[in-house]
Amino acid sequence: MPTPHLLLALAVVAVWGTNFVVIRWGLDGLPPFLFATLRFTFSALPWLLFVPRPKASWRSMAAVGVLLGPGQFGLLFFGINGHISPGLASLVVQVQVFFTIGLSLWLLRERVRGYQVAGLLLAIAGLGVIAAHLDASVTLLGLGIILAAAFFWAASNLVVKSLGGVNMLHFMVWSSVFAVPPLLAISLMVEGPALIAQSLRSAGAVVWASVLWQALGNTLFGYGVWNWLLGRHPAATVTPLALLVPVFGMSASALSLGESLPGWKLGAAALVLLGLAVIVCWPVLQRRLAA
């Protein structure tokens, strides 16, 4: 990969990792489901007026919108809102890799491989370390919420996998439309019109910047550049860089929010990341050794 492309990939990973801190800043002024509603609203508008509809079915766009909207990001924002620290959330949500493999085995009848089992066991050990250290930075409820968010992310991955050669930037813009109604309905039921109105009136510049960063930086820049790179380089070259997302996430949370990084957190992160690395990198290593 040429150096400019590598720097672009690192920029995307840095955006995705530090985004967990930005989420925390946004939650200081907005309740979680309203925050998620605004995120997807600005991911769709006004871009929907300029971006052509992707070559995908309405059912696929609706499925991804619902799975990513109330499923992944609604739960992710809810979990970070007092139940788990942003740094740990950036790590735990990466379990979506293993959920994706599990769903593929179940629904697509793909065959499980030894290195996948090894990677899964390492990640489970890391989650076990986190579960053994429940404190103010992570509760059992928070861990469960983020694992549920990871599951919905994995489910959306399977829908995307079935699309074939679709412009993913265009797909993200159009599918975001379908995330807004259920998120808004949940916000009205759980958070209530009074809190919604009060939050919108009192939201400051940092809060609105956090909302826009979710839509423009995290979604349009992140997914746009990432898929541009995937279109020009082998997936095995680009995808392993995503392993740096929790590294950026935990580092940014420690530097910006003062999140502590005791030995058990670093050990859990090492186990989960090692499990992810085995899953992602082992096939690449096998092919290179065979060559």
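Residues numbered from 1 in each chain as written. Predicted model: local features only at pLDDT ≥ 70, side-chain atom pairs only at ≥ 80, totals over all residues. Heavy atoms only, no water.

1. Brief notes about the overall build of the protein chain
Summing up its helical and strand segments, the protein chain has 12 helices and zero strands in all. Ordering the α and β elements of the protein chain from the N terminus gives α-α-α-α-α-α-α-α-α-α-α-α. Relative to the compact-globule value of 19 Å for 291 residues, the protein chain shows a C-alpha radius of gyration of 19 Å, a close match. Principal-axis analysis of the C-alpha atoms places the extent of the protein chain at approximately 60 × 45 × 40 Å. Going through the 291 residues of the protein chain one by one, you find that 49% of them count as buried. Put simply, 90% of the contacts in the protein chain that link residues at least 6 apart link residues at least 24 apart. Just so you have it, the protein chain exposes about 13,100 Å², and 72% of that area is on carbon and sulfur atoms. Distance from the positive charge centre (14 side chains) to the negative charge centre (5 side chains) of the protein chain: 19 Å. (Helix = DSSP H or I, 4+ residues; strand = E, 2+ residues; numbered from the N terminus. Rg over C-alpha atoms; globule rule 2.2 N^0.38 Å. Buried < 20%, exposed > 50% of the residue type's maximum accessible area, 1.4 Å probe, protein only. Contact = heavy atoms within 4.5 Å. Areas by Shrake-Rupley, 256 points an atom, 1.4 Å probe, with all protein chains shown as cover. Lys, Arg positive; Asp, Glu negative; His and termini not counted. Charge placed at Lys NZ, Arg CZ, Asp CG, Glu CD.)

2. Details of a nonpolar patch on the surface
On the surface, Val112, Val117, Leu120, Leu121 and Ile124 cluster together into a nonpolar patch covering about 410 Å² of accessible area. Among the secondary structure elements, valine 117 is positioned in helix 6 (residues 114-131). Given the relative accessible area of 38%, valine 117 is considered partly exposed. (Patch = residues over 30% accessible without salt bridge, like charges linked within 9 Å, V, L, I, M, F, W, Y side chains within 5 Å. Salt bridge = Lys/Arg side-chain N within 4 Å of Asp/Glu carboxyl O.)

3. Structural notes on the packing of aromatic side chains
If you walk through the whole model with that rule in mind, you get eight aromatic pairs. Judged by centre distance (5.8 Å) and plane angle (70 degrees), the rings of phenylalanine 40 and phenylalanine 73 are edge-to-face. Within this pair, whereas phenylalanine 40 is found in helix 2 (residues 32-44), its partner phenylalanine 73 is found in helix 3 (residues 58-80), the two being separated by 33 residues in sequence. Given the relative accessible area of 2%, phenylalanine 40 is considered buried. Taken together, the ring pairs in this structure connect Phe35, Phe40, Phe73 and Phe77 into an aromatic cluster. Of note, arginine 39 hangs over the ring of phenylalanine 40, and the distance from its end group to the ring centre comes to 4.6 Å. If you follow arginine 39 out to its NZ or CZ, it ends over the ring of phenylalanine 73, 3.9 Å from the centre. (Phe/Tyr/Trp six-rings, centres within 6.5 Å; stacked < 30°, edge-to-face > 60°. Lys NZ or Arg CZ within 6 Å of the ring centre and 35° of its normal.)

4. Considering the nonpolar core
If you look at the biggest cluster of nonpolar residues, it comprises 81 residues, and the most contacted ones within it are Leu30, Leu76, Phe77, Ile130, Ile146 and Phe171. Here this core takes 10 residues from helix 7 (residues 140-161), the largest share from any one element. Sequence-distant contacts of phenylalanine 77, that is, excluding residues within four places in its chain, are made with Ile23, Leu27, Pro32, Phe35, Ala36, Arg39 and Gln214. (Core = buried A, V, L, I, M, F, W, Y, C linked by side-chain atoms within 4.5 Å.)

5. Points about the packing of helix 2 against helix 8 (residues 168-202)
One can describe the packing of helix 2 onto helix 8 by two numbers: an axis separation of 6 Å at closest approach and a directional angle of 140 degrees. The element helix 2 and its partner helix 8 pack so that their crossing is left-handed. Considered class by class, the residues forming the contact of helix 2 with helix 8 number 16 nonpolar, six polar and one charged. (Axes fitted to C-alpha atoms, helices over the stretch in contact; angles between N-to-C directions. Left-handed = near helix turned anticlockwise from the far one by under 90°. Nonpolar A, V, L, I, M, F, W, Y, C, P; charged D, E, K, R; others polar.)

6. A word on unusual backbone geometry
With an omega of 5 degrees, the peptide bond running from leucine 45 to proline 46 counts as cis. Position of proline 46 among the secondary structure elements: in the loop between helix 2 and helix 3.

7. Points about the side chain of lysine 265
Tracing the chain through its elements places lysine 265 in helix 12 (residues 263-290). What makes lysine 265 buried here is its relative accessible area of 1%. Beyond its immediate chain neighbours, meaning those up to four positions away, lysine 265 contacts Ser85, Leu88, Ser137, Met250, Glu259 and Ser260.

8. Digging into helix 11 (residues 245-257)
Working note: α-helix, 3.6 residues per turn, so residues spaced by three or four point in the same direction. Spanning 13 residues, helix 11 covers 17 Å between terminal C-alpha atoms, matching the ideal 18 Å at 1.5 Å per step. The complete set of buried residues in helix 11 reads Val245, Pro246, Gly249, Met250, Ala252 and Ser253. The buried residues of helix 11 occupy one face: seen down the axis, they fall within an arc of 165 degrees. Contact partners of the buried residues in helix 11: helix 1 (3-27), helix 4 (86-92) and helix 12. Directly beyond the C-terminal end of helix 11, a positive phi value near 75 degrees is found at glycine 258. (Expected span 1.5 Å × (residues − 1). Arc of directions from axis to C-beta.)

9. Focus: the confidence of the model for the protein chain
In the predicted model, the protein chain carries a mean pLDDT of 85, and the fraction of residues at 70 or more is 97%. When mean pLDDT is taken per element in the protein chain, helix 2 scores highest with 94 and helix 10 (residues 235-238) scores lowest with 64. (pLDDT = per-residue confidence, 0-100.)

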